[in-house]
Amino acid sequence: MSHKHWDQALVWAEKGLALEPKRNWHNESNHLLSQLRPKILAKIGRKEDALAAVWSEFQSYPSESAYEDLMACVPKGEKALWHEKAMKIATKGELGEFMSLCVKTKEWDRLAARIHAATHVELEAVSHYDSEPAAEELAKRDTLAAAKLYRALGLRILKGKKSKYYDAALDYFQSARKFYLKAGADAEWQSILRVIQTEHSRKRGFLEGLGLIEAGKPPSGPSFAERAQERWRKQTL
């Protein structure tokens, strides 16, 4: 490719792709081959084949990067048509990837609908890299959907027992409370409080911070980690 020998590049890319299902490459597999092949096809004038290749790849695993590859091959006058086709496929794909794609394409209604349809367990499984940007955007548009995401972000930390991130969890729950109340869903917020108080009753420092949030008083002073260290110091004196 660096020497613009496109025909030869295509031969070698397709050789590698043909070997993929026949070998067990473990972590040495090069997923870039499937991304390079459409670019090579476009360079040699086979634009329809390039589009078919990226569409097949997107259908197999709809993601933000696959969407970018797809739209790069779509003719200018057909962008809207292919975008709609892509979003219908992505709606059935992995939740985190769908969130990321919706934020990129500003598909707020589709994003909110998927959040409302998802279970709490499904939302908690999504990385904060995907769910936090989605929550920030939905906070301006659909407060109940945003509240569900902030709840999931907080519980993901609690259930993971990541105490050094408990301050972040408190911030997430503060946002969750704000948007549940704004959406008129106070009962749902109270239900979440009861779950946390029951299932995480031994996390006394965290529950103190949560109590301040419930009282409408954002936690202030030393961080959760600093308070925990001080309690430990006193216990070992």
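A short tour of the structure in this document, coming up.

Calculation notes
Residues numbered from 1 in each chain as written. Predicted model: local features only at pLDDT ≥ 70, side-chain atom pairs only at ≥ 80, totals over all residues. Heavy atoms only, no water. Helix = DSSP H or I, 4+ residues; strand = E, 2+ residues; numbered from the N terminus. Buried < 20%, exposed > 50% of the residue type's maximum accessible area, 1.4 Å probe, protein only. Core = buried A, V, L, I, M, F, W, Y, C linked by side-chain atoms within 4.5 Å. Contact = heavy atoms within 4.5 Å. Axes fitted to C-alpha atoms, helices over the stretch in contact; angles between N-to-C directions. Parallel < 35°, antiparallel > 145°, perpendicular 65-115°, else oblique. Left-handed = near helix turned anticlockwise from the far one by under 90°. Nonpolar A, V, L, I, M, F, W, Y, C, P; charged D, E, K, R; others polar. Phe/Tyr/Trp six-rings, centres within 6.5 Å; stacked < 30°, edge-to-face > 60°. Lys NZ or Arg CZ within 6 Å of the ring centre and 35° of its normal. Expected span 1.5 Å × (residues − 1). Salt bridge = Lys/Arg side-chain N within 4 Å of Asp/Glu carboxyl O.

### Section: unusual backbone geometry
Now for step 1: In this structure, K4 is a non-glycine residue whose phi angle is positive, near 60°.
Now for step 2: Within the secondary structure layout, K4 lies in the segment before α1 (6–19).
Now for step 3: We classify K4 as exposed; its relative accessible area is 63%.
Now for step 4: A positive phi is found at K161, a non-glycine position, where the angle reads about 55°.
Now for step 5: Along the chain, the position of K161 falls in the loop between α10 (143–159) and α11 (166–182).
Now for step 6: For K161, a relative accessible area of 67% puts it in the exposed group.

### Observations regarding the nonpolar core
Now for step 1: Judged by nonpolar contacts, the single largest core of 55 residues is most densely connected at F58, L70, M99, F173 and F206.
Now for step 2: Ranked by residues supplied to this core, first place goes to α10 with 10 residues.
Now for step 3: Apart from residues no more than four positions distant in its own chain, M99 is found in contact with L111, I115, L123, V126, D130, S131, A134 and L149.
Now for step 4: A9, A13, L33 and A50 belong to the second-largest nonpolar core, a separate cluster that totals eight residues.

### Overview of the packing of helix α6 (residues 95–105) against helix α9 (residues 128–138)
Now for step 1: For the pair α6 and α9, the least separation of the axes is 9 Å and the interaxial angle reads 40°. Judged on the interaxial angle alone, α9 and α6 are oblique. The way α6 lies across α9 gives a crossing that is left-handed. Residue-level inspection shows G96, E97, M99, S100 and V103 of α6 in contact with α9, the latter providing D130, S131, P133 and A134.
Now for step 2: In terms of residue class, the contact of α6 with α9 is built from four nonpolar, three polar and two charged.

### Section: the packing of aromatic side chains
Now for step 1: For the structure shown, the criterion picks out six aromatic pairs.
Now for step 2: Here W55 and W82 contribute two aromatic rings whose centre-to-centre distance is 5.2 Å and whose plane-to-plane angle is 80°, an arrangement assigned as edge-to-face. Of this pair, W55 sits in helix α3 (residues 47–60) while W82 sits in helix α5 (residues 79–90); the two residues are 27 residues apart in sequence, bridging distant segments of the chain. In terms of burial, W55 and W82 fall into one category: buried.
Now for step 3: Among the aromatic residues, ring-to-ring pairing joins W55, F58 and W82 into one connected group.
Now for step 4: Here K85 stacks its cationic end above the ring of W55, 5.1 Å away from the centre of that ring.
Now for step 5: In this structure, R114 is placed above the aromatic ring of F98, and the distance from its NZ or CZ to the ring centre is 5.1 Å.

### Some remarks on α3
Now for step 1: Counted at 1.5 Å a residue, the expected span for α3 with its 14 residues is 20 Å, and the 20 Å between its end C-alpha atoms agrees.
Now for step 2: Where α3 is concerned, the buried positions are A50, L51, A53, V54, W55 and F58.
Now for step 3: In the core, the buried residues of α3 are packed alongside α2 (32–43), α4 (64–73), α5 and α6.

### With respect to the pattern of salt bridges
Now for step 1: Summed over all chains, the structure comprises 10 salt bridges.
Now for step 2: A salt bridge links E124 to K159; its shortest N-O distance comes to 2.8 Å. Separated by 35 residues along the polypeptide, E124 in helix α8 (residues 120–124) and K159 in helix α10 bring together distant segments of the chain.
Now for step 3: Taken together, the shared-partner salt bridges connect E84, E107 and R110 into one network.

### What about α11?
Now for step 1: Across its 17 residues, α11 extends 24 Å between first and last C-alpha, which sits within 8% of the 24 Å expected from 1.5 Å per residue.
Now for step 2: All of the buried residues in α11 are Y166, A169, L170, Y172, F173, A176, R177, F179 and Y180.
Now for step 3: Just downstream of α11 lies G184, where phi reads positive at about 75°.

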